[in-house]
Amino acid sequence: DLPDRLAQTDTSPLIDIVKSRYADSFQRALKEAISALPPRERNLLRLQLVGRCSIDQLGRMYLVHRATAARWLEGARNRVFESVRDQMKMEHHLTDREFDSIARGVRSQLDLSITATISEFTESASSSETDTPAPGLDCDSGAAPPKKSG
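Description of the structure in this document. (Residues numbered from 1 in each chain as written. Predicted model: local features only at pLDDT ≥ 70, side-chain atom pairs only at ≥ 80, totals over all residues. Heavy atoms only, no water.)

### Quick look at the nonpolar core
Next up, step 1: Core analysis: the biggest nonpolar cluster contains 29 residues, and Phe26, Leu58, Val80, Val84 and Met88 have the highest contact counts within it.
Next up, step 2: Those elements giving two or more residues to this core turn out to be helix 2 (14-36), helix 3 (39-49), helix 4 (55-62), helix 5 (66-92) and helix 6 (96-124).
Next up, step 3: When residues in this core are grouped by element, the largest group, seven residues, is from helix 5.
Next up, step 4: When sequence neighbours within four positions are dropped, the list of residues in contact with Leu58 reads Leu44, Leu47, Gln48, Cys53, Ala69 and Leu73. (Core = buried A, V, L, I, M, F, W, Y, C linked by side-chain atoms within 4.5 Å. Buried < 20%, exposed > 50% of the residue type's maximum accessible area, 1.4 Å probe, protein only. Helix = DSSP H or I, 4+ residues; strand = E, 2+ residues; numbered from the N terminus. Contact = heavy atoms within 4.5 Å.)

Dropping the structure here:
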């Protein structure tokens, strides 16, 4: 899970300094990373983070085995993480260790930003730009909605 990869939040006073210096760069890097994802990967992240869909639900929605949905989702998370890390390292000339420390500092903001950024991209995408899953699954309840009689 991306937040796990970005480590746990540190509460030291230096974190406020880290947040003020790097949070905007993290947000920019995150937006670029998500925009670079193929539509299906963006949609998978949105469905899981915003829609709270489980791996099983995603598999059923895309008509694939749950393991396939899990691989797709993990690939998307890894691509976002790697892209953010590479952009931050390049922009601020950071080592891996420095990046990990900064990531801990901005994690709480980043968690919220991921959801907001994914929502923003999927809301602005036209239907031809999205790779949407098969209809019929309600992620909140985990069950298919009732069929309409008629």
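Back to the text.
### Describing unusual backbone geometry
Next up, step 1: A positive phi angle, near 60 degrees, is found at Arg52, a position not held by glycine.
Next up, step 2: Relative to the helices and strands, Arg52 is located in the loop between helix 3 and helix 4.
Next up, step 3: By relative accessible area, which is 64% here, Arg52 ends up exposed.

### Quick word on the pattern of salt bridges
Next up, step 1: One pass over the full model with this rule turns up seven salt bridges.
Next up, step 2: We note a salt bridge from Asp56 to Arg66, for which the minimum N-O separation is 2.4 Å. Highlighted residues: Asp56 in helix 4 and Arg66 in helix 5, separated in sequence by ten residues.
Next up, step 3: In this structure, Arg85 and Glu82 form a salt bridge, with 2.5 Å as the shortest nitrogen-oxygen distance. Taken as a pair, Arg85 and Glu82 lie in helix 5 at a separation of three residues, close to a single helical turn.
Next up, step 4: The class of Glu82 is partly exposed, set by a relative accessible area of 27%.
Next up, step 5: Linked by salt bridges that have partners in common, Glu82, Arg85 and Asp86 make up one network. (Salt bridge = Lys/Arg side-chain N within 4 Å of Asp/Glu carboxyl O.)

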